[in-house]
2 protein chains.
Amino acid sequence: MINELQDYLAKEFDIHFDDPALLAEAFTQASYVNEHPNQNLKFYERIEFLGDAVLELIVSEYIYKRYPELPQGKLTRLRAAMVCEDSFSKFAKECHFDQYIRLGKGEEKAGARQRPGLLCDIFESFVGALYLDQGRPAVEKFVRRVIFPKLDMGWFDHAVDAKTSLQEYLQRDGDVKIEYHLLDETGTENDPEFHVDVMADGQVIADGHGSSKKHAEMQAAQNALNKLRKQSN
Amino acid sequence: MINELQDYLAKEFDIHFDDPALLAEAFTQASYVNEHPNQNLKFYERIEFLGDAVLELIVSEYIYKRYPELPQGKLTRLRAAMVCEDSFSKFAKECHFDQYIRLGKGEEKAGARQRPGLLCDIFESFVGALYLDQGRPAVEKFVRRVIFPKLDMGWFDHAVDAKTSLQEYLQRDGDVKIEYHLLDETGTENDPEFHVDVMADGQVIADGHGSSKKHAEMQAAQNALNKLRKQSN
């Protein structure tokens, strides 16, 4: 399975391990080691410990530099959304890492291969092994392909509010003036409805409704993001 | 205060910032920024966010490599003991960083300068600034002096059991055979006492008592560690 994995990594990611034993360790669960007591195998947990910290730093540094105006609280929320079991297990699936995990028979039967916790671990241990074997630039190249594009695809919008997301999205390549205007206020005093639009450099890009001005602006920002992302796909 | 800090860092740590504004940011609390609204200052929180991840990786990588036999659970406990408010605030004090923090008057009066939470933040933000300004090797040099020696001084023994600590201590420079021998079992059936000694390469280095064989061995290991550390000081 490790030979196939090496071929796959070479073909798909142009990744070539100098030390295949490290790669094997990263994809081997304890249950497999226990079933092969004479092969002197190692399982992934120690490398995963390292990979976790590697990912934490690379993601932190990327969002720190990419969003120079984002305050710490939002950076922390964004990082937590990116560096977590839910995200990492999805990345592992997307990279087809589930196909290459070495599991014991009991774990296999119990469906461990599709368990998010295991997939997340394997994603981290793969990164740990890549870091040890090929150094940080190789990890950065991998992460630039697998993780960072998800920021523009809106995967982590929920971690940061829509107005902030829209600002970051529009200002990726330079300054853009973003304005929200109140168009209308209807409803009753106890049940008001606000209608706003949002402009980018003087052009209306979306509008939104809400029970407060703030909610209407958030809605407008989210609508704008949805439109812009649809256009860029 | 930042000029004095630069002089101090140069003299004490041979650290020379290319961008003093980054260093100033790392040592400035929000309360100071609020009191000087016209100076367009930044406070430390964003850099601290980055510094935290830098320290996590450098510590993780160091203990991963230094303790090749330590399983993940113990690595994680050890890292948690090293990378935490309690440790970082002590490192900050030891480095005299408390003297250089820029605080608002209210915070100063309230005693913030000695608050472990703030000292910990400043330690992280200093490391973040050093990383951004001078790169990872400069951080490694700093951490090799300030953090790693505490491992040999026993600061983090509580995170790993004494037998493991003794093993790591003795085997730093190569393989050493460690054996525990039961010398005596006294007391009653309900209140037994065990007496063991611990040998390194055939030489008794300490003994210990306990209500179980395991406890007696732990005690012997702790006594051995205490002796060895006293000798090496």
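A brief report on the enclosed structure follows. Note that the structure is predicted; figures quoted are calculated from it, not measured.

Here's the deal with the packing of helix H4 (residues 45-66) of chain B against helix H5 (residues 72-82) of chain B
Residues and elements named next belong to chain B.
Step number 1: Two numbers describe how H4 lies on H5: the axes approach to 10 Å, and their chain directions differ by 135°. The angle between the axes of H4 and H5 places the two elements in the oblique class. Like other packed secondary-structure pairs, H4 and H5 cross with a definite hand, here right-handed. In this structure, H4 contributes Glu56, Val59, Ser60, Ile63 and Tyr64 to the contact, and H5 contributes Leu75, Leu78, Arg79 and Met82.
Step number 2: Residues belonging to the contact of H4 with H5 are distributed by class as follows: six nonpolar, one polar and two charged.

As for a negative patch on the surface
Step number 1: On the surface, Asp184, Glu185, Asp191 and Glu193 of chain A cluster together into a patch of negative charge.
Step number 2: Tracing the backbone through its elements, the reader meets Glu185 of chain A in strand S1 (residues 178-187).

What about the pattern of salt bridges?
Step number 1: Counting across every chain of the model gives 36 salt bridges over all chains.
Step number 2: Of the charged contacts, one joins Arg145 of chain A and Glu12 of chain A as a salt bridge, the two residues approaching to 2.6 Å between their closest N and O atoms. One end of the pair, Arg145 of chain A, is in helix H9 (residues 136-146); the other, Glu12 of chain A, is in helix H1 (residues 2-13), with 133 residues separating them in the sequence.
Step number 3: With a relative accessible area of 41%, Arg145 of chain A lands in the partly exposed category.
Step number 4: A salt bridge links Asp98 of chain B to Lys93 of chain B; the shortest N-O distance between them is 3.4 Å.
Step number 5: In this structure Asp98 of chain B comes out as buried when scored by relative accessible area, which is 7%.
Step number 6: Note on Lys93 of chain B: relative accessible area 38%, which makes it partly exposed.

What counts, and at which threshold
- Residues numbered from 1 in each chain as written.
- Chains lettered and ligands numbered in written order.
- Predicted model: local features only at pLDDT ≥ 70, side-chain atom pairs only at ≥ 80, totals over all residues.
- Heavy atoms only, no water.
- Axes fitted to C-alpha atoms, helices over the stretch in contact; angles between N-to-C directions.
- Helix = DSSP H or I, 4+ residues; strand = E, 2+ residues; numbered from the N terminus.
- Parallel < 35°, antiparallel > 145°, perpendicular 65-115°, else oblique.
- Left-handed = near helix turned anticlockwise from the far one by under 90°.
- Contact = heavy atoms within 4.5 Å.
- Nonpolar A, V, L, I, M, F, W, Y, C, P; charged D, E, K, R; others polar.
- Patch = residues over 30% accessible without salt bridge, like charges linked within 9 Å, V, L, I, M, F, W, Y side chains within 5 Å.
- Areas by Shrake-Rupley, 256 points an atom, 1.4 Å probe, with all protein chains shown as cover.
- Salt bridge = Lys/Arg side-chain N within 4 Å of Asp/Glu carboxyl O.
- Lys, Arg positive; Asp, Glu negative; His and termini not counted.
- Charge placed at Lys NZ, Arg CZ, Asp CG, Glu CD.
- Buried < 20%, exposed > 50% of the residue type's maximum accessible area, 1.4 Å probe, protein only.

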